[in-house]
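Examination of the molecular architecture
One-letter residues, chain by chain:
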Amino acid sequence: MEAQGRHGGRKSNNMTALVVDDNTVNRMIHHRLLDNLGIDNVAVGDGQEAVDIHCSGRTFDLILMDMDMPIMNGIEATRKLREMGVRSTIAGVSTRSMEQEIREFIEAGLDDYQEKPLTMSKLISIIRKING
């Protein structure tokens, strides 16, 4: 299944994504979902690694950002990436359901928020926002 913009925008297989999650199983699931859509992706284990990979010059169309991680959490990492001028679509993905925590995450600079587990339909919803 391939996501494409309504106005003939680029296909998802031209996209790149960064998966940021400290849980190995979640990283693997998100990696496979992206792979199944033909999206080239890289996975890192915490927010500091996400910041570092951008400092090295890499850019991504989409960042899937977990909230709770060691070293630098998703809120701090999102805020830092936005301060650095990163324009990628950042989608927060978390098990958190407290409205205040979600609001803080969104206010850090998220473009979208999805509750875990991330499914193919949730991922396609995020991609449609990029390609829309």
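The rules behind the values
- Residues numbered from 1 in each chain as written.
- Predicted model: local features only at pLDDT ≥ 70, side-chain atom pairs only at ≥ 80, totals over all residues.
- Heavy atoms only, no water.
- Buried < 20%, exposed > 50% of the residue type's maximum accessible area, 1.4 Å probe, protein only.
- Helix = DSSP H or I, 4+ residues; strand = E, 2+ residues; numbered from the N terminus.
- Pairing = 2+ DSSP bridges.
- Right-handed = clockwise from strand over helix to strand, strands pointing away.
- Core = buried A, V, L, I, M, F, W, Y, C linked by side-chain atoms within 4.5 Å.
- Contact = heavy atoms within 4.5 Å.
- UniProt positions renumbered as here; feature names shortened; annotations may be inferred.
- Salt bridge = Lys/Arg side-chain N within 4 Å of Asp/Glu carboxyl O.
- Axes fitted to C-alpha atoms, helices over the stretch in contact; angles between N-to-C directions.

Describing the pairing of strand S3 (residues 62-66)
Buried residues dominate S3, accounting for 5 of its 5 residues. Side chains of S3 alternate between two faces, with Leu 62, Leu 64 and Asp 66 and Ile 63 and Met 65 buried alike. The pairing of S3 with strand S4 (residues 89-94) spans 5 bridges and is parallel. Across the sheet, residue Asp 66 finds its bridge partner in S4, namely Val 93. In this view, the connection linking S3 to its parallel neighbour S4 by way of helix H3 (residues 74-83) has right-handed handedness.

Digging into the nonpolar core
The biggest cluster of nonpolar side chains holds 22 residues, and the ones touching the most others in it are Leu 18, Val 20, Ile 63, Met 65, Leu 81, Ile 90 and Phe 105. Broken down by secondary-structure element, the contributors of at least two residues to this core are strand S1 (16-20), helix H2 (47-55), S3, H3 and helix H4 (99-107). Contact partners of Ile 90, with chain neighbours within four places excluded, come to Ile 63, Met 65, Thr 78, Leu 81, Arg 82, Leu 110, Asp 111 and Asp 112.

Focus: the UniProt feature "modified residue: 4-aspartylphosphate" (unreviewed entry) in the chain
Using the residue numbers shown here, the UniProt feature "modified residue: 4-aspartylphosphate" (unreviewed entry) corresponds to Asp 66. Inspection of the secondary structure puts Asp 66 in strand S3. The exposure class of Asp 66 is buried, given its relative accessible area of 5%. Setting aside residues no more than four positions away along its own chain, Asp 66 makes contact with Val 20, Asp 21, Asp 22, Gly 74, Val 93, Ser 94, Phe 105 and Lys 116.

Comments concerning the pattern of salt bridges
What the rule picks out here adds up to 5 salt bridges. With a closest N to O distance of 2.8 Å, Lys 116 and Asp 21 form a salt bridge. Separated by 95 residues along the polypeptide, Lys 116 in the loop between strand S5 (112-115) and helix H5 (120-131) and Asp 21 in the loop between S1 and helix H1 (24-36) bring together distant segments of the chain. Assigned by exposure class, Lys 116 and Asp 21 land together as buried. If you follow the salt bridges from partner to partner, you end up with Asp 21, Asp 66 and Lys 116 in one network.

Here we look at the sheet that holds S3
Spatially, the 5 strands line up as an open sheet ordered S2-S1-S3-S4-S5, and their pairing is parallel. Each edge of the sheet is formed by a strand with only one pairing partner; in this case those strands are strand S2 (40-44) and S5. Geometrically, the sheet is characterised by an average inter-axis angle of 20° between neighbouring strands, direction not taken into account. The strands touched by H3 are S3 and S4; relative to S3, the strand with the most contacts, the crossing angle is about 150°. The strands that H5 touches are S3, S4 and S5; relative to S5, the one it contacts most, it runs at about 175°.

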